[in-house]
Amino acid sequence: MKKTFEIEDLCCANCAAKMENEIAKLEGVKSVNVAFLTQKLVLEADDDKFDEILAQAAKICKKIEPDCEVIIK
Amino acid sequence: MTKKQKKRLRRIILGGSLFLAVTLLKALVPLPSLLVLLLYLIPYFICGNDVLLKAFRGVKNAQMLDENFLMSIATIGALFLGEYPEAVFVMLFYQTGELFQDISVGKSRKSIAALAKIRADEAFIQKDGELVSISPEDVTVGTEIVIRPGDRVPLDAVVTHGTTSLDTSALTGEAMPRDVFEGDEIISGCINLSGTVKAKVTKPCSESTVSRILRLTEESSTNKAKYESIVTRFARYYTPLVVLFALFIGVVFPLLYCLITWNFDSAFFASMFSRALIFLVVSCPCALVISVPLSFFAGIGDSSRKGILIKGAAFIEQLSLCRAFVFDKTGTLTKGVFKVKEIHTQGITADELSELAALSESYSTHPIAKSLREHYVKQPDLSRLGKVTELAGKGVSAVIDGHTVYTGNAKLMEMSGITVPEINCGGTAVHVAKENAYLGYIIISDEVKPDSQEAVNTLKRMTGAKTVMLTGDNSESAKAIAQQLGIDEYRAELYPEDKVRVLEDIIGKTNGKVCFVGDGINDSPAITRADVGVAMGALGSDAAIEASDVVLMHDSVSKLPEAVKISKNTVRTVKQNIVFAIGVKALVLILGALGYANMWLASFADVGVSVIAIINAVRRKK
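Residues numbered from 1 in each chain as written. Chains lettered and ligands numbered in written order. Predicted model: local features only at pLDDT ≥ 70, side-chain atom pairs only at ≥ 80, totals over all residues. Heavy atoms only, no water.

Caption draft 1: Highlighting the interface of chain A and chain B. Listed by partner, the interface residues are 23 residues for chain A and 27 residues for chain B. When chain A packs against chain B, the two sides together hide about 2,100 Å² of surface, and 53% of this comes from carbon and sulfur. Of all residues in chain A, A:N14, A:L37 and A:K63 give up the largest surface area on contact with chain B, accounting jointly for 28% of the area buried on that side. Where chain A touches chain B, the interface holds 4 salt bridges. (Contact = heavy atoms within 4.5 Å. Buried area = accessible area lost by both parts, 1.4 Å probe. Salt bridge = Lys/Arg side-chain N within 4 Å of Asp/Glu carboxyl O.)

Caption draft 2: Structural context of the pattern of salt bridges. Residue and element names in this part refer to chain B. Considering all chains together, one arrives at 24 salt bridges over all chains under this definition. Measuring nitrogen to oxygen at the nearest pair gives 3.9 Å for the salt bridge that ties D50 to R8. Highlighted residues: D50 in helix α2 (residues 33-60) and R8 in helix α1 (residues 3-28), separated in sequence by 42 residues. In this structure, the salt-bridge partner of K466 is E489, at a minimum N-O distance of 3.5 Å. With a gap of 23 residues between them, K466 in strand β18 (residues 466-470) and E489 in strand β19 (residues 489-491) connect regions that are remote in the sequence. A single salt-bridge network, built from bridges that share partners, covers K466, E489, R491, D505 and K509. (Helix = DSSP H or I, 4+ residues; strand = E, 2+ residues; numbered from the N terminus.)

Caption draft 3: Expanded view of empty space enclosed by the protein. For the structure on display, the rule yields 5 cavities of 30 Å³ or more. The computed volume of the largest cavity comes to approximately 300 Å³. Around the largest cavity sit 20 residues that line it, and A:F36, A:L37, B:K224, B:E228 and B:P293 are the ones nearest its centre. Only α1 (13-24) and β2 (29-35) of chain A together with α7 (226-261) and α9 (286-305) of chain B provide two or more residues apiece to the lining of the largest cavity. Among the elements that take part in the lining of the largest cavity, α9(B) stands out by supplying 5 residues, more than any other. Of the residues that constitute the lining of the largest cavity, the class distribution is 14 nonpolar, 4 polar and 2 charged. Taken as a whole, the second largest cavity holds about 150 Å³ of empty space. What lines the second largest cavity is a set of 18 residues, among which A:E65, B:K54, B:E67, B:N68 and B:Y94 lie closest to the centre. Of all elements in the fold, only α2, α3 (67-80) and α4 (84-116) of chain B reach the threshold of two or more residues within the lining of the second largest cavity. When residues in the lining of the second largest cavity are grouped by element, the largest group, 4 residues, is from α2(B). (1 Å grid on protein atoms, 1.4 Å probe; cavity = no way out; pocket = protein on both sides within 12 Å on 5 of 7 lines; lining within 4 Å. Points joined across faces, edges and corners; volume = space filled by probe spheres on them. Nonpolar A, V, L, I, M, F, W, Y, C, P; charged D, E, K, R; others polar.)

Caption draft 4: A look at the nonpolar core. Counting 130 residues, the largest nonpolar core has A:I23, A:L41, B:F296, B:F325, B:C515 and B:L560 as its most contacted members. The contact partners of B:F325, leaving out residues within four places of it in the chain, are B:L459, B:T463, B:A465, B:K466, B:T467, B:V468, B:C515, B:L560 and B:V564. With 26 residues, the next largest nonpolar core counts B:V180, B:C190, B:A199 and B:V201 among its residues. (Core = buried A, V, L, I, M, F, W, Y, C linked by side-chain atoms within 4.5 Å. Buried < 20%, exposed > 50% of the residue type's maximum accessible area, 1.4 Å probe, protein only.)

Caption draft 5: Region of the structure containing the environment of B:F580. Residues and elements named next belong to chain B. By the secondary structure assignment, F580 is in helix α20 (residues 559-594). With a relative accessible area of 29%, F580 lands in the partly exposed category. Taking C-alpha positions, F580 is 30 Å from K4, a pair spaced 576 residues apart along the chain. If sequence neighbours within four positions are ignored, F580 has contacts with V609 and I612.

Caption draft 6: Layout of a nonpolar patch on the surface. A cluster of nonpolar side chains, contributed by B:L244, B:L247, B:F248, B:V251, B:V252, B:F253, B:L255, B:L256, B:Y257 and B:I260, occupies part of the molecular surface with about 910 Å² of accessible area. Looking at the element boundaries, B:F248 is found in helix α7. (Patch = residues over 30% accessible without salt bridge, like charges linked within 9 Å, V, L, I, M, F, W, Y side chains within 5 Å. Areas by Shrake-Rupley, 256 points an atom, 1.4 Å probe, with all protein chains shown as cover.)

Caption draft 7: Focus on the packing of α1(B) against α2(B). Residue and element names in this part refer to chain B. Across the interface, α1 lies against α2 with an axial gap of 9 Å and an inter-helix angle of 165°. It follows that α1 is roughly antiparallel to α2 by the angle criterion. The handedness of the crossing between α1 and α2 comes out as left-handed. The segment α1 lies against α2, with R8, R11, L14, G15, L18, F19, V22, T23, L25 and K26 engaging V36, L39, Y40, I42, P43, I46, C47, N49 and D50. Here the residues of the contact of α1 with α2 sort into 12 nonpolar, 3 polar and 4 charged. (Axes fitted to C-alpha atoms, helices over the stretch in contact; angles between N-to-C directions. Parallel < 35°, antiparallel > 145°, perpendicular 65-115°, else oblique. Left-handed = near helix turned anticlockwise from the far one by under 90°.)

The structure is reproduced here in structure tokens:
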């Protein structure tokens, strides 16, 4: 499953690169893209564990940049 | 400016004025050192409170290489060393840089978002004689919608009632409005200019042109260019490395030196520590990390304004590296419409020959027959026409006024025992004979689009690349068109499946990337196979939009040189920024290590370079 999420207040390009790098290391992640310019997280991961992986990804973002927020609808 | 940006601006102005005031005061009145520190701390905290706070939170999350943390260490260190103005200035300048970055990123984000505005928020349907607004997502296929002047076409549809003209500029970059009549297709995203029309929806919202285009631009950020990954990889090692160096210069080296020489000189410690702080100030690779994707982003934005959709930075990069451009002929370089070009007669007038041909071909649906009828203009007298026999692949024999008239190619003439003259010209020759008397021939050819020649010339001049034309047509007409357009090579008489094979052959022989341009209807395999697949005028074709890497929204090949130009400019900017940012930082690091740089210079190397790189990235390139 591949889904796109908005990230609010992502304000450092280098942080976005760091997030991408960290999330890619998560188990079950097929591909990930954190786009600073479009403020988007594109996550492709195993279907059955998607929500779990997404939650972990959001946590990583938060850890690297405390102010930012992955909007999970 | 957003609220957040305004707040930051106020802080910069306030902090900046206090900083100047304190500096001025200190110069005029001798003040005790502690008071100077306290006075400087006011603008320091005004400018840097969020940086310090983020640094603190970063430490809690074990993000020691966070730019806020490093910036805080650098400025606090400077305060300890008594470099008060430097500390304040670094924070002040850092904030200014951040604000600038925020504004310019927001601006280019908006230029892409402007494209998102082509989505209409509501569609109107007629219910009990009244117009009702509903969300385009809720409109089912087959529903009749009403589009009033000034409205944006919400969904792809076919006009069922009324005529109007449409502003297609948001989609195609073409300023000329397009007239539409009953039965014409209209695509979502255009603006209705003049009349109210009713139209039947042909596609659900999620598959409408607008939705597809928006999806395409949203996904464009995932196709990263090689440069982007190089830069992020560089950034991953740059910060830790610089921080390690800083530790070495500021702590390890002086300690070792003192232990060896057994000479504890505090001034030496301070000097080395100060050099280490300079390292920390330039340790953030942000200028690079932001300017590279921003340049590509600006390139994509620039091209989308011109009706060129590029599916991501990777394709901008590849387009700039193309060494061969391969064109499909029919529908791409030519209009795909056959026209009578020349008439040569023997013994009768051109008009008579044309009449005979048109009359013979009265019942044929072949495109050539159609062009013959169109050329004659007048309605031929069908009562003169007797029995008509169509001979597939050859032509027709028709009985006119009691005589058998043969209209067709050389094979037909040969079959009827008539000798034909040698013809050496581009196009398809249609011979006409009555009984066994040869009457002449008509040359029919596809018309070249008016801008094809210039597009090919510009491409060749700009890139020095090879141009190749592929076509299913016969060699003669291919040769004529290739010569007319100045195309280097042509391959004729190809079946659709041959095109991919020929393209692969060209890819194998070309030292560089190969671009294929097609009209997107039957060229999808070749478009997919090419390094850069370009679909032209593909607004209506789903397959082409999916398969291609670049979509030229308007049906003219002259957009291609523009796209190539944008790609070349973008890649040049990226290279400039990489060399400039790394160069300046490396220089400051070397000077800093040797003790020739100070905090002011370091601050410039950090923020100034960022600002210059961003300006370079987003400026409109000529």
